[in-house]
Amino acid sequence: MSKRGNIKTSRKQIIEYWETCQDECELSVDWAEAEERCWRCGCETNRKLDRCHIIPHALGGKDEPANFVLLCKRCHAEGPNVSDPEIMWDWIKSYGVAFYDTFWIHMGLKEYYFIYRRTVREEIEEIVKKSNRSYSEEEQDRFLKNIPEELNKRVSIHFGQHYLNVATVAGALRMIIKDLANELGVNLDELEQKEKLPISWWLKY
């Protein structure tokens, strides 16, 4: 393996290569904004995006446009480091979202489901059902749309990080759900009584 030097391929060259052979409809980013927004999460960053090797240099990856994607540092740290170039694109496309700056909210919703074994919408529906109060779908949708604003009131960024981690988002969502239950006079603990699952219940793969 040759000694790794500075990357010579420019971000512009990477974009110009991939916009001719990858459909942006499968990604979290439009090619017109592919130099400012991470190709996995679609979020804008105040730093230049990392040129992330598709095949790592240590595994023989070349310094050429076909061997790079542009990722934020957070996504770069989670990206696959394997010798099969298809794996990187499988990973990026599997996380595609339709709207900018929503990816990490979605990941927080996923984390909420993992912790509480119900989606946020299912929680709302069960609370409303238990309360016997009229709570229209329009009100539920409005409640969901207000979540990002409510999140900002209840969270802080961990020291050393420049972003909200998914556990923080899930925790703030739980606080919002608790507030709704209290507002409608529903005991959330009683509502969620369920069979106790064994440790590592989620290891089904």
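Computed from a predicted structure; not experimentally measured.

### A word on the overall build of the protein
And step 1. Regarding its fold elements, the protein presents 9 helices and 2 strands.
And step 2. Starting at the N terminus and walking to the C terminus, you meet the elements of the protein as α-β-β-α-α-α-α-α-α-α-α.
And step 3. For 205 residues, the compact-globule estimate of 2.2 N^0.38 gives 17 Å, and the protein exceeds it by more than 25% at 21 Å.
And step 4. When its C-alpha atoms are laid out on the principal axes, the protein stretches across 65 × 40 × 35 Å.
And step 5. When burial is assessed residue by residue, the protein has 35% of its 205 residues classed as buried.
And step 6. When contacts within the protein are restricted to residue pairs at least 6 apart in sequence, long-range pairs at least 24 apart make up 62% of them.
And step 7. Taken as a whole, the protein presents about 13,100 Å² of accessible surface, with 49% of it coming from carbon and sulfur.
And step 8. Within the protein, one finds 30 positive and 35 negative side-chain charges whose respective centroids are separated by 6 Å.

### What about the pattern of salt bridges?
And step 1. Applying the stated criterion across every chain, the model contains 8 salt bridges.
And step 2. We note a salt bridge from Glu 78 to Arg 40, for which the minimum N-O separation is 3.0 Å. Pair noted here: Glu 78 is in helix H2 (residues 73-78) and Arg 40 is in the loop between helix H1 (11-18) and strand S1 (50-53), with a separation of 38 residues, a long-range link.
And step 3. A single network of salt bridges, built from pairs that share partners, joins Glu 33, Arg 37, Glu 44 and Asp 101.

### So, the confidence of the model for the protein
And step 1. Looking at the protein as a whole, its pLDDT mean stands at 88, while 93% of the residues score no less than 70.
And step 2. Mean pLDDT values over the elements of the protein span from 76, in helix H7 (residues 147-154), up to 98, in strand S2 (residues 68-71).

### Examining unusual backbone geometry
And step 1. For Asp 101, which is not glycine, the phi torsion reads 60° and is therefore positive.
And step 2. As for its position among the elements, Asp 101 is in the loop between helix H3 (85-94) and helix H4 (103-116).
And step 3. Look at Arg 117: it is not a glycine, yet its phi comes out positive at around 60°.
And step 4. Along the chain, the position of Arg 117 falls in the loop between H4 and helix H5 (120-131).

### Remarks on the packing of aromatic side chains
And step 1. Counted under the stated rule, the structure contains 8 aromatic pairs.
And step 2. Within the aromatic cluster, the residues linked to one another by ring pairs are Tyr 17, Trp 18, Trp 31, Trp 39 and Trp 89.
And step 3. Its end group placed over the ring of Tyr 100, Arg 37 keeps NZ or CZ at 3.9 Å from the ring centre.
And step 4. The ring of Tyr 95 has Arg 40 sitting right over it, with the charged end atom 4.1 Å from the ring centre.

### Describing the nonpolar core
Where a protein is soluble and globular, its nonpolar side chains tend to be buried together.
And step 1. By size, the foremost hydrophobic cluster in this structure holds 28 residues, and its most contacted members are Trp 39, Cys 41, Val 69, Leu 71, Cys 75, Trp 89 and Ile 92.
And step 2. For this core, the secondary structure elements donating two or more residues are H1, S2, H3 and H4.
And step 3. Excluding residues that lie within four positions of it along the chain, Cys 41 makes contacts with Ser 28, Cys 72, Cys 75, Val 97, Phe 103 and Trp 104.
And step 4. Within the second largest apolar cluster, 21 residues are counted, among which are Val 128, Tyr 135, Phe 143 and Ala 172.

### Examining the side chain of Asp 50
And step 1. Take Asp 50: it is sitting in strand S1.
And step 2. In terms of polar contacts, Asp 50 uses its side chain to reach the side chain of His 76, at 2.9 Å.

### Considerations on the environment of Glu 125
And step 1. Looking at where Glu 125 falls in the secondary structure, it is placed in helix H5.
And step 2. Overall, Glu 125 belongs to the partly exposed group, its relative accessible area being 40%.
And step 3. A C-alpha to C-alpha distance of 9.4 Å links Glu 125 and Glu 137, two positions 12 residues apart in sequence.

### Comments concerning H1
And step 1. Residues of H1 that are buried include every one of Arg 11, Ile 14, Ile 15 and Trp 18, and no others. The arc enclosing the buried residues of H1, seen along the axis, measures out at 95°, which places them on a common side.

Reading the values: the criteria
Residues numbered from 1 in each chain as written. Predicted model: local features only at pLDDT ≥ 70, side-chain atom pairs only at ≥ 80, totals over all residues. Heavy atoms only, no water. Helix = DSSP H or I, 4+ residues; strand = E, 2+ residues; numbered from the N terminus. Rg over C-alpha atoms; globule rule 2.2 N^0.38 Å. Buried < 20%, exposed > 50% of the residue type's maximum accessible area, 1.4 Å probe, protein only. Contact = heavy atoms within 4.5 Å. Areas by Shrake-Rupley, 256 points an atom, 1.4 Å probe, with all protein chains shown as cover. Lys, Arg positive; Asp, Glu negative; His and termini not counted. Charge placed at Lys NZ, Arg CZ, Asp CG, Glu CD. Salt bridge = Lys/Arg side-chain N within 4 Å of Asp/Glu carboxyl O. pLDDT = per-residue confidence, 0-100. Phe/Tyr/Trp six-rings, centres within 6.5 Å; stacked < 30°, edge-to-face > 60°. Lys NZ or Arg CZ within 6 Å of the ring centre and 35° of its normal. Core = buried A, V, L, I, M, F, W, Y, C linked by side-chain atoms within 4.5 Å. Polar contact = N/O pair within 3.5 Å; in protein donor to acceptor, adjacent residues only side chain to side chain. Arc of directions from axis to C-beta.

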